[in-house]
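Each chain is listed here by its residues.
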Number of protein chains: 4
Amino acid sequence: MANSIYTDLAMESRELNPDIKGVTEQTEETEGYAVSRIKIETDEAARKLEKPMGLYVTLDAPALASRPLPLFEEVSKALAEEIAHMAGSLPDRATVLVVGLGNRAITPDSLGPRVAERIYVTRHINEYMPEALPRPVRSVCSVAPGVLGVTGVETMEIVRGVTEHIKPDLIIAIDALASRRAARISTTIQLTDTGISPGSGVGNTRKGLNSQAFGVPVIAIGVPMVVHAATISQEVISLIADKTGLHGDEEKLRDLAAQVISESLGPLVVTPKDIDAIAEDMSRVIADAINLALFKTDYEDVRMLIA
Amino acid sequence: MANSIYTDLAMESRELNPDIKGVTEQTEETEGYAVSRIKIETDEAARKLEKPMGLYVTLDAPALASRPLPLFEEVSKALAEEIAHMAGSLPDRATVLVVGLGNRAITPDSLGPRVAERIYVTRHINEYMPEALPRPVRSVCSVAPGVLGVTGVETMEIVRGVTEHIKPDLIIAIDALASRRAARISTTIQLTDTGISPGSGVGNTRKGLNSQAFGVPVIAIGVPMVVHAATISQEVISLIADKTGLHGDEEKLRDLAAQVISESLGPLVVTPKDIDAIAEDMSRVIADAINLALFKTDYEDVRMLIA
Amino acid sequence: MANSIYTDLAMESRELNPDIKGVTEQTEETEGYAVSRIKIETDEAARKLEKPMGLYVTLDAPALASRPLPLFEEVSKALAEEIAHMAGSLPDRATVLVVGLGNRAITPDSLGPRVAERIYVTRHINEYMPEALPRPVRSVCSVAPGVLGVTGVETMEIVRGVTEHIKPDLIIAIDALASRRAARISTTIQLTDTGISPGSGVGNTRKGLNSQAFGVPVIAIGVPMVVHAATISQEVISLIADKTGLHGDEEKLRDLAAQVISESLGPLVVTPKDIDAIAEDMSRVIADAINLALFKTDYEDVRMLIA
Amino acid sequence: MANSIYTDLAMESRELNPDIKGVTEQTEETEGYAVSRIKIETDEAARKLEKPMGLYVTLDAPALASRPLPLFEEVSKALAEEIAHMAGSLPDRATVLVVGLGNRAITPDSLGPRVAERIYVTRHINEYMPEALPRPVRSVCSVAPGVLGVTGVETMEIVRGVTEHIKPDLIIAIDALASRRAARISTTIQLTDTGISPGSGVGNTRKGLNSQAFGVPVIAIGVPMVVHAATISQEVISLIADKTGLHGDEEKLRDLAAQVISESLGPLVVTPKDIDAIAEDMSRVIADAINLALFKTDYEDVRMLIA
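Since we're looking at a predicted model, the values are computed, not measured.

(A) Structural detail: the overall build of chain A. Along chain A, the regular secondary structure elements total twelve helices and nine strands. Burial analysis of chain A (307 residues in total) assigns 59% to the buried set. For chain A, contacts bridging at least 24 residues in sequence account for 74% of all contacts bridging at least 6. Within the structure as shown, chain A displays about 12,400 Å² of accessible surface, and the carbon and sulfur contribution to it stands at 51%.

As structure tokens, this is what we get:
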């Protein structure tokens, strides 16, 4: 039972549970990054993997860790294609709402609001000054609703309030994720048609941001920005048990680790020291991808007007 | 006709139009600051002053310009009393929504979002973990809806969406203002029961954030953070005309000034060079005042829990 | 006597004093921007223009005001060429010190520190891990010494302390400037071999950052970020006097303006409202230009390693 | 041999080596915090503890983790007393240089520069406008020299350059530390008369910031802001070995852990998620303490003038 290891990535849930039925998986490798597509097809698989049924596309680019500029651009383009594909045949005049989840003031949690700031918004231009653009473009708007601890309002209440007024045809939500492997921080991007559940703090009444709840397709994009300290210690123990003859004691070790961790490391996160720069870079990669995916051939015209 | 001089302050509209009927006015001076109360009582006065009918309380503390710490605290307390008085007999269990208007990324326009960040929010604590506080406290929540140019959504649409979900009994809105006198930047605070109209940019279809539109009392708090460059040049010309025998030419001068200005200075603002520090200070003064006014005797307990 | 109008730009001093001898001037126009070269060749001209003898190159790109991305890149490249030309035949193994003057916490004064942060520094790589680069590159280092009011130390004392230790062959100093025309804010870049004098505040004992004082060539790069409010009002009066028959009264007007201004507008600056974004953009343009000029064909290799 | 566990705290070195001779230790507990004084008195003890000979005062306030405002103030005052005591009988007209070490752009490393910004600097006031204060005050200046990777210049070269010009009688250096226990992040403050050695990156030629090197007393103040991920995993293993019968295997486990860690976790740090807020709070606590310690009865006058 590896379920006590927390991960937001379907790919990692799958790694921990490789033999479960009801899951299809397919991976393409290109130079610089790999794209894997995991489809959770049955309720039972969803329950076991602790992830809703649906499609999870993961871009994995380990070389992003050293922050090479050309790879940023390449990954942006690849991500743009995946977003466009997942969005399907959206009408030209569709309205798209981008929702940047998380807390701008907490760096490892700031990915969503940072992306939201960089989206080329056009809904008001179409409405109030359409002549500013050579032709009508897709209506895009972008909000960062904040987090419960800062606003006192459920994130979903705010999002629901906004969607009732602007009636989007598609929602794209961005959030920082937790993975179980430190190496995936800032090098992996997950895209899913199952939406997203913001935070996991006070109370449990909050509902997800997903197509069932909102009645329109919801694409969620996330990047691991932290590993919970508890998880990383467990990873160390697993690796040790693998390499020693202590396998009989692994469970004992794990129980002890769990106890030690809950006593002393509970709320800590593991994060690279330069998380500020990473959050900036990755928000740029994702915002570029969304802008490219939504505006396609209008991209340059919109960019000129907005950026 | 002084109407071409733009000001958000009722006190300044009044100065420019001292002889209009339907306005009552009263001023108290204390050491350190003055409080003036202007009541616009007739439609005609409202039309002439270009301000809605209602009460405008202005705290004027010129000494704030040199940023003395004790005066900050004193002004906060005085403002707290005015807010409490204007809010009237709000039930203990009332829900209050604080709305920080403006653009966080543009310093002279960042007052509202900065205040919103500093509000002690309690609505979620009352709802999800009431045991964290020794007794129930007022439910306060706080949002910064962003601006049209960044979100693509009318500010009022977002605020309306939020209020429909949380049904506040009182709304307090904060916004940066423009005055016609540079000396009032950061030294004057206006409080009004007439609400606020955010921005004045694209289109004119946006509606105000006021009690008529939202069905609950709306208190607006504002501080001048800029003078439009056009206004400041006009002020110079006025002063010159006052001091010369050129009075006959004043109108001619003014017309010329208007022309020169619209050609070359249009969108510029005049602001103190240390506007970053000023925005930080004044957001603290106002947030403290709101927190004090809303939590009263619970202030210290809430502060301990939240800050 | 136009000397009461303050400007850091030699080009503007020249405009105000077009008939002075001892100045040569030459302008090239290309699409998007103009380059003018002013050489102040005599002591008398220097005294009258209130600028030291030497070469002043000004890039003027009014279209930068609307922030078009391709023009940023073009101006960066043009500026890189001017820097390289002014630096002359620097040995390959020369050490270059970039000094970002100004106060990071005051947006209109933050250009220098922002540029300093973006410089690709290599001095320590050459010294401690030369193997990280395929071949030796120029040794570049970069400091932001802060301002007197924040450090309590004369900027020049700090710069002198640093230069005594690293013994640079060339110093490049960056500072925010004041111009007399609002339209030049963020659209004009001045490059000069006469160095720079930081600030003009407390005391007058501070010495300049120039080749006489430091014994090596000093290139100063500046961009107007503000117009003093006093200047802008004078500009309005000048324009008015030009257009009216009030010319006889111009001096009278100007005296009055000076009085009015010193009473009420003294320390204020005029600045575009989006100065935060402008400071970010222009620091990028200038840092890119310096990086290009210093690393030339090594630019891409260094960028990969550093950025 | 616990030496592979990295810590900047003498108190933790001592905990790991409780039986070493040549160390005296004394602890006082008050409500809210404890103060321990460790004196390393012999070369041998210094070598074994991997800390220079001298006095280490540690304030330990576990309750700071929940950020209670009154405790901040109390700890500031206690720290001020310790600083004043360690500084000894400094002449009234002495010059004090505060040096904020670290990288402002990396949150867990930003403590030093944040403190430097908050110091009340007076050296230039004494020099250029002594009449601004009712009586002469101590001359304080404050610099944040940046880090090698950003400036290309050894931190110590910059500090040396500055000190040669301003000739301080006392240096106070502030830096973020690493501890071996997550619980000490932001709750422990170490004060030592042995100075500080910034960073531990490229090369090993850099010398310390200490009284031997600079010829004047150097007080170093540090707060743990991170635990290296490697350390935290080792801590988990130690605790496990303690609680199991696996003690015979502890060394084997530790070797494996070291291997696993160097492969996968090397450069990561463990940090609380709200490190941004913590860095802000603790920089305020330390700067207040330094300001109090240096200005004593002049504190309020200086604060009025400077803050």
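(B) View of the pairing of strand β2 (residues 33-40) of chain A. Residues and elements named next belong to chain A. The buried count for β2 comes to seven of eight residues, which makes it a mostly enclosed element. In this structure, strand β1 (residues 23-30) lies alongside β2, joined through eight bridges in antiparallel fashion. Bridged to Q26 within β2 is R37. A loop of two residues connects β1 with β2, the two strands running antiparallel in sequence, and G32 in this loop sits at a positive phi of about 100°. Note: β2 against strand β3 (residues 54-60), seven bridges, orientation antiparallel. Looking across to β3, one finds that I40 is bridged to G54.

(C) Structural view of the packing of helix α4 (residues 111-118) of chain D against helix α11 (residues 275-295) of chain D. Residue and element names in this part refer to chain D. Where α4 contacts α11, the two axes come as close as 8 Å, and the packing angle between them is 45°. In terms of orientation, α4 and α11 fall into the oblique class. In terms of crossing hand, the pair formed by α4 and α11 is right-handed. Between α4, through L111, R114, V115 and R118, and α11, the contact on the second element is made entirely by D276, A279, E280, M282, S283, R284, I286, A287, I290 and N291. Class assignment for the residues of the contact of α4 with α11 results in seven nonpolar, two polar and five charged.

(D) Here's a closer look at the packing of aromatic side chains. Summed over all chains, the structure comprises four aromatic pairs over all chains. Against the face of F214 of chain A rests R160 of chain A, its NZ or CZ located 4.4 Å from the ring centre.

Definitions and limits used
Residues numbered from 1 in each chain as written. Chains lettered and ligands numbered in written order. Predicted model: local features only at pLDDT ≥ 70, side-chain atom pairs only at ≥ 80, totals over all residues. Heavy atoms only, no water. Helix = DSSP H or I, 4+ residues; strand = E, 2+ residues; numbered from the N terminus. Buried < 20%, exposed > 50% of the residue type's maximum accessible area, 1.4 Å probe, protein only. Contact = heavy atoms within 4.5 Å. Areas by Shrake-Rupley, 256 points an atom, 1.4 Å probe, with all protein chains shown as cover. Pairing = 2+ DSSP bridges. Axes fitted to C-alpha atoms, helices over the stretch in contact; angles between N-to-C directions. Parallel < 35°, antiparallel > 145°, perpendicular 65-115°, else oblique. Left-handed = near helix turned anticlockwise from the far one by under 90°. Nonpolar A, V, L, I, M, F, W, Y, C, P; charged D, E, K, R; others polar. Phe/Tyr/Trp six-rings, centres within 6.5 Å; stacked < 30°, edge-to-face > 60°. Lys NZ or Arg CZ within 6 Å of the ring centre and 35° of its normal.

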